[in-house]
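Listed below, chain by chain, are the residues.
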Amino acid sequence: MPHRHLAPMLAALLALAVQAAPGNGDSGTQPEDRSHLPQLGDPYLPPAARKPAQRPPLAGAALQAQARAKLQQRFAAADPLKTGSISLAQAKAAGLGYVVQHFAEIDRQGSGRVSFEQVERHQQGAR
Amino acid sequence: MPVSLKPTHSYLLAITLALAACGGGGGGGSTPTQPTQPGNPADRGFSDPLAYSSSGNASLSVANEGAALTHHSLNLGGRVIDYTATAGHLIASHPQTSQPKAAFFYVAYTAKNQDVRTRPVTFFYNGGPGSASVWLHLGSYGPKRLQVGYPATSQPQPFPLVDNQESLLDTSDLVFVDAIGAGLSQAIAPHTNQTFWGVDADAEAFRDFVTRYLAVNQRTASPKFILGESYGGVRSSVLADLLEAAGTRMNGVILLSPILNYYSNCAVYSPGEANCTGFLPTYANTGAHFRLTNPAQTDYAAYAQQVRSYAASTYSPAVANWLGSRLPPSNNLVDQLVGLTGARANLWQANLSLHPNTYQFQLITGTVLGRYDARVTAPQGSALASEGDPSSTFITSSFASTIRSYLTSQLKYTAQTSYAISSNAIQSWNWQHDGQDLPDTLPDLAAALQQNPNLKIMVLHGYNDLATPFHQTELDLARLGNVPGLRIHNYEGGHMMYLDDASRVRTKADLAAFYASSLN
């Protein structure tokens, strides 16, 4: 579901209309210097940062797949030659602390390498 | 068998000196201790020789891990908790290169004589981004709190600092840590504060602080929690994923008035740009508070449920339609919205996706409602209304002055500069995250849960918060599907619902239950 539907010109026209609405006064104006406010008026975006979403917000199974892809990507960064598995040294170099700590348990066959799927199984069955 | 928590001060001093030696000079060489002040003879104050800056281009050429260590006790309804307070810095370093990133300022409250294997430790931070964590530190669950007395605004200031009967110190050790550029936290050269003013760099630095804290204090085996407020929700989601990947198993993530997705909170856009459905139950309950709804409503929870249903079935589709077509809403729809919220017909006719700023200024003619706590009001044109949020203006000076005097007089920590309640980070923040211009952190939360299915999530919101509306978080979290153990609690009050005396008692009880459920 897209969050913003308006072409910029329409948005500008609407802003004028809202400003001109009876009884609406100066509502909607916020001070640009927020340094005096607790937590800086959080949440707040400077006008230049207000941008439309590049993709729809995923939910349910699609969101879970997106999250898994993120984890796969992190794992793959430790495996530059795309072998499908990483060594303890590669896990250390990539900062994959979970893999480093549990390497021996994950690598049950003692092959010296672990795959993403093995790590995932360990995490989801762990503790 | 209880394992006593070893004071870390002498260890920290050694690091201080080592770093000063490596740093090649620059003001770090003087002895960091000062004569013990009156009080507990075991107290060791710390006079930090360094000056800290909130500027984007600020950078420490030398840092230290010095800290003041003081001894205290808190009487919680007859149960005395003896604890230490540690106030100072720890250095967050890159996990692979060990290059120092920043000196994080923190205050840690640690109960004495606890078993570190079962005693939880919780890291607290506010949001902004750019805010120091003073609001949580002196307002929520620390051993002391400022007696604010919301929603009244007649109390003299500064508010008294009192023993906190709702402190979480009976449940967990508490670490209040300030973001880089806020409080007394600062980047270390060659980095500048600006280096860490972005969604990812900020969360990575917090990960490295947590890692350092756990290692120095021998707490890696302890149950671990993070509690972030507002933008702290974004930080927590990203941080939870990073900590799990780094091998730091978390027990719980507590989201207090969080924003989780900048694309879904219409308050960060201009009026008429985005769908404000997530605010409708907040408008309704706030209208109920001011007795403007028809019929009158007294049960917030029941009314919120009624309005959630109405929002889903009727209001949200109508707003989506209006954003596309701009056709005036039907009189019937407007009548329903007036009855549900108390906001006048002309406001809905002008903008069916009623913006919280409009609601805040227009619900009651001549009166400005608080943005953080809509129950806190001030006459238009009054001093309290001059900054646009009476609920924030009312409390700021007390928090800012009290943290400074408290650090000096009670925690015996001083630096060459005073504690900064905020930086200007929000103006130059790098919002990019996960391939988008703005952070949507639901995938981060999902990734954290995939890595650690035992991770528990708790959400606390105020019914009268016009900044981060409770229903928007519910809609955001619904994207995760079923999350075992997820607890969502809403309370009378605003963004900082813990400033409401009755709600703070309830939040404390709910938090204690959450901790109990998360210690597995």
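If you're wondering where the values come from, they're calculated on a predicted model, not measured in any experiment.

**Description of the overall build of chain A**
Of the regular secondary structure elements, chain A holds six helices and two strands. Reading chain A from its N end, one meets helices and strands in the order α-α-β-α-α-α-β-α. In chain A, which comprises 127 residues, the proportion classed as buried is 39%. Split by element, the accessible area of chain A, about 6900 Å² in all, is 62% carbon and sulfur.

**Details of empty space enclosed by the protein**
In the structure shown here, the tally under the stated rule is three cavities of 30 Å³ or more. For the largest cavity, the calculated volume is near 130 Å³. If you add up the space inside the second largest cavity, you get close to 60 Å³. Looking at the second largest cavity, it is lined by twelve residues, and the ones nearest its centre are R55, P56 and P57 of chain A together with Q436 and D440 of chain B. In terms of residue class, the lining of the second largest cavity is made up of five nonpolar, four polar and three charged.

**Here we look at the pattern of salt bridges**
Side chains that differ in charge, positive against negative, can pair when their charged atoms come close. All names here are of chain B. As enumerated under the stated definition, the model contains 24 salt bridges over all chains in all. With a closest N to O distance of 3.6 Å, R249 and E244 form a salt bridge. As far as the burial class goes, R249 and E244 line up, both buried. In this structure, R504 and D501 form a salt bridge, with 3.0 Å as the shortest nitrogen-oxygen distance. In this pair, R504 and D501 both sit in helix α13 (residues 501–518), three residues apart, roughly one turn of the helix.

**A word on the interface of chain B and chain A**
Facing 80 residues of chain B, the contacting portion of chain A comprises 60 residues. Of the roughly 6100 Å² buried where chain B meets chain A, counting both sides, 50% is carbon and sulfur surface. Between D241 of chain B and R74 of chain A there is a salt bridge, and its shortest N-O distance comes to 2.5 Å. Our count for the contact surface shared by chain B and chain A stands at 23 residue pairs in polar contact (both at pLDDT 80 or more). Per element, the largest residue contribution to the side of chain B that touches chain A is seven residues, and it comes from helix α11 (residues 442–451) of chain B. Broken down by class, the residue content of the side of chain B that touches chain A amounts to 32 nonpolar, 34 polar and 14 charged.

**Brief notes about the pairing of strand β15 (residues 456–462) of chain B**
All names here are of chain B. The buried fraction of β15 is high, at seven of seven residues. Side chains K456, M458, L460 and G462 of β15 all project onto a buried face; the interleaved residues I457, V459 and H461 project onto the opposite face, where all are buried too. One ladder, built from five bridges, connects strand β11 (residues 252–256) with β15; its direction is parallel. Across the sheet, residue L256 finds its bridge partner in β15, namely L460. For the crossover that starts at β15, traverses helix α12 (residues 470–478) and ends in the parallel strand β16 (residues 487–491), the hand is right-handed.

**A few points about the side chain of N275 of chain B**
Tracing the backbone shows N275 of chain B in the loop between β11 and α5 (280–289). Given the relative accessible area of 18%, N275 of chain B is considered buried.

**A closer look at the packing of helix α2 (residues 60–76) of chain A against α11 of chain B**
At a closest axis distance of 8 Å, the pairing of α2 of chain A and α11 of chain B adopts a crossing angle of 70°. Classified by the angle their axes make, α2 of chain A and α11 of chain B are roughly perpendicular. In this structure, α2 of chain A uses L63, Q64, Q66, A67, R68, K70, L71 and R74 of chain A to contact α11 of chain B, whose residues at the interface are L442, P443, D444, A446, A447, Q450 and Q451 of chain B. Its residues assigned to classes, the contact of α2 of chain A with α11 of chain B comprises seven nonpolar, four polar and four charged.

**Side note on the environment of P100 of chain B**
Residue and element names in this part refer to chain B. Examined against the element boundaries, P100 turns out to sit in strand β4 (residues 100–111). Between the C-alpha atom of P100 and that of I188, which follows or precedes it by 88 residues, the distance is 6.5 Å. Setting aside residues no more than four positions away along its own chain, P100 makes contact with I91, A92, S93, I188 and H191.

**Comments concerning the packing of α2 of chain A against helix α4 (residues 231–245) of chain B**
With their axes 12 Å apart at the nearest point, α2 of chain A and α4 of chain B run at an angle of 45° to one another. With respect to each other, α2 of chain A and α4 of chain B are oriented oblique. As α2 of chain A packs across α4 of chain B, the resulting crossing turns out to be right-handed. Every residue of α4 of chain B that contacts α2 of chain A at K70, L71 and R74 of chain A is listed here: D241, L242 and A245 of chain B.

**Section: the pairing of strand β10 (residues 224–229) of chain B**
Residues and elements named next belong to chain B. β10 sits mainly inside the fold: six of its six residues count as buried. Pairing of β10 with β11, which is carried by five bridges, proceeds in the parallel orientation. Along β11, the bridge assignment pairs G228 with L255. Handedness of the β10-α4-β11 crossover: right-handed.

**Comments concerning the environment of G278 of chain B**
Residue and element names in this part refer to chain B. For G278, the position within the fold is in the loop between β11 and α5. In this structure G278 comes out as buried when scored by relative accessible area, which is 1%. Sequence separation between G278 and A312 is 34 residues; the distance between their C-alpha atoms is 9.8 Å.

**Quick word on the confidence of the model for chain B**
Of the residues in chain B, 92% have a pLDDT of 70 or more, and the chain-wide mean is 92. Every residue in residues 1–37 of chain B scores below 50 in pLDDT, and together they form 64 contacts with partners more than four places removed in sequence or on other chains.

**Notes on the nonpolar core**
Y109 and I395 of chain B are the most contacted members of the largest nonpolar core, which totals 66 residues. The leading source of residues in this core is helix α10 (residues 390–409) of chain B, at seven residues. Counting 58 residues, the second largest nonpolar core, distinct from the first, contains F75 of chain A together with A67, A108 and I457 of chain B.

Definitions and limits used
- Residues numbered from 1 in each chain as written.
- Chains lettered and ligands numbered in written order.
- Predicted model: local features only at pLDDT ≥ 70, side-chain atom pairs only at ≥ 80, totals over all residues.
- Heavy atoms only, no water.
- Helix = DSSP H or I, 4+ residues; strand = E, 2+ residues; numbered from the N terminus.
- Buried < 20%, exposed > 50% of the residue type's maximum accessible area, 1.4 Å probe, protein only.
- Areas by Shrake-Rupley, 256 points an atom, 1.4 Å probe, with all protein chains shown as cover.
- 1 Å grid on protein atoms, 1.4 Å probe; cavity = no way out; pocket = protein on both sides within 12 Å on 5 of 7 lines; lining within 4 Å.
- Points joined across faces, edges and corners; volume = space filled by probe spheres on them.
- Nonpolar A, V, L, I, M, F, W, Y, C, P; charged D, E, K, R; others polar.
- Salt bridge = Lys/Arg side-chain N within 4 Å of Asp/Glu carboxyl O.
- Contact = heavy atoms within 4.5 Å.
- Buried area = accessible area lost by both parts, 1.4 Å probe.
- Polar contact = N/O pair within 3.5 Å; in protein donor to acceptor, adjacent residues only side chain to side chain.
- Pairing = 2+ DSSP bridges.
- Right-handed = clockwise from strand over helix to strand, strands pointing away.
- Axes fitted to C-alpha atoms, helices over the stretch in contact; angles between N-to-C directions.
- Parallel < 35°, antiparallel > 145°, perpendicular 65-115°, else oblique.
- Left-handed = near helix turned anticlockwise from the far one by under 90°.
- pLDDT = per-residue confidence, 0-100.
- Core = buried A, V, L, I, M, F, W, Y, C linked by side-chain atoms within 4.5 Å.

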